[in-house]
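Single-letter residue listing:
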Amino acid sequence: DMAVRHYTLDFNLSTAVDSAAIVPSLLSIFHEQELAETIHDTNGHGYLATFVGKNGRLVILRVHAHGLVTIDLQCYEEDNISQLPALVRGATVDRYWPTADGRLMEYDIDEVVYEKDSAYQNIKIMHSKQYGNILVLDGDVNLAESDIAYTRAITGNGKESYAGKEVLILGGGDGGILAELVKQKPKMIIMVEISFSGFNGCKMHMRKTCGNTLDTLRGDCYQILIEDCVPLLRKYVQEGRTFDYVINDLTAIPISTEPEDSMWEFLRLILDLSMCVLDPKGKYFTQGNSVNMTEALSLYEEQLGKLSCPVDFRKEVVCVPSYLEQWVFYTAWKK
């Protein structure tokens, strides 16, 4: 497609700007590209310069006095004119998050209500006027309080009866799956979450999702274990323990289509162990990824055909509100 490409780079300096110290090192980058420089007067409010190069390339360099540096690069002139909404740059709360297939979405996020770095990931809970609080793990939108469609999809969309059944939830630290299933009075739910950090954040700030189920690690029909699920699954395999349902809410299918990627190895391991603890008449539920990630989804379906026991599967496409994209969910069972 023919279009003007507009690249932006924003970063904050550790201290307020000393133009004499920082600007020369920035200018050398543009001078190497043979860009002609024009300095503009800012009346003492930082530094502003434009650079014009071959083929109409235009760079705008702005160094704000408080330490924010913004760089804009536009290249390839085109007659098409379109108007974009205003971008909020350098704000304390980042409101731009990519979809799985790399499209940038702007959320109405106005506050970070919780942030914690655990040994495994960065955990943020951010408030959106439209979606409620949103759990964001390592920069990926995970679940919002409005996303009951996700929880329903990964538990069978109302087609299953969990009454009197034994259920294993892998992950699910937001508590949404647990809160939905306890309503049906199962025999026992074992939920395995690796870290207290995300769990505690959701307990405080995702109450519309988890209700009061995360307030205690043991309820009438459930038990929450804070540990790595892999050793636990191996222990259950050795003991011969089985479950009527295994619900994998650990991670989406990796976007990478390299089968040797460590995330694919982890996914295959979880799949095999889950099938080993699944009752012969049981069902395995998991999320897939964006419907647009066709190569990754096809690779996942290949993995389902290579398990230690043969399985059948079906998939369903559901619109998850805060994802702003169609999401694929899988159900698998032993042949």
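Everything numeric in this text was worked out from a predicted model, so none of it was measured.

Draft legend 1. Representation of the layout of surface pockets. Estimated volume of the largest pocket: approximately 1200 Å³. Looking at the largest pocket, it is lined by 43 residues, and the ones nearest its centre are Leu137, Asn142, Leu250, Thr251 and Ala252. Per element, the largest residue contribution to the lining of the largest pocket is 4 residues, and it comes from strand 11 (residues 140-144). When residues of the lining of the largest pocket are sorted by domain, at least three fall in each of domain 2 (93-144) and domain 3 (148-334).

Draft legend 2. Just the packing of aromatic side chains, in detail. Using the criterion set out here, one finds 11 aromatic pairs in the structure. For the pair tyrosine 236 and phenylalanine 243, a centre-to-centre distance of 5.5 Å together with 55° between the ring planes defines the contact as tilted. Each ring, one from tyrosine 323 and one from tryptophan 327, has its centre 4.7 Å from the other, and the planes form 80°; the classification is edge-to-face. Tyrosine 323 gets classed as buried once you look at its relative accessible area, which sits at 7%. Taken together, the ring pairs in this structure connect Tyr150, Tyr323, Trp327 and Phe329 into an aromatic cluster. Just above the ring of tyrosine 236 sits the side chain of arginine 241; from NZ or CZ to the centre is 5.2 Å.

Draft legend 3. Inspection of the nonpolar core at higher detail. Core analysis: the largest hydrophobic core is formed by 80 residues, its most contacted members being Leu168, Leu178, Met275, Tyr284 and Tyr300. The greatest single-element share of this core, amounting to 6 residues, is contributed by helix 7 (residues 262-276). Taken together, domain 2 (93-144) and domain 3 (148-334) each give at least three residues to this core, which thus spans both. What tyrosine 284 contacts, discounting residues up to four positions off in sequence, is Val246, Asn248, Ile270, Leu271, Ser274, Met275, Leu278, Tyr300, Tyr330, Thr331 and Ala332. Counting 13 residues, the second largest nonpolar core, distinct from the first, contains Val23, Phe30, Leu35 and Phe51.

Criteria and cut-off values
- Residues numbered from 1 in each chain as written.
- Predicted model: local features only at pLDDT ≥ 70, side-chain atom pairs only at ≥ 80, totals over all residues.
- Heavy atoms only, no water.
- 1 Å grid on protein atoms, 1.4 Å probe; cavity = no way out; pocket = protein on both sides within 12 Å on 5 of 7 lines; lining within 4 Å.
- Points joined across faces, edges and corners; volume = space filled by probe spheres on them.
- Helix = DSSP H or I, 4+ residues; strand = E, 2+ residues; numbered from the N terminus.
- Domains from an automatic or database assignment.
- Phe/Tyr/Trp six-rings, centres within 6.5 Å; stacked < 30°, edge-to-face > 60°.
- Buried < 20%, exposed > 50% of the residue type's maximum accessible area, 1.4 Å probe, protein only.
- Lys NZ or Arg CZ within 6 Å of the ring centre and 35° of its normal.
- Core = buried A, V, L, I, M, F, W, Y, C linked by side-chain atoms within 4.5 Å.
- Contact = heavy atoms within 4.5 Å.

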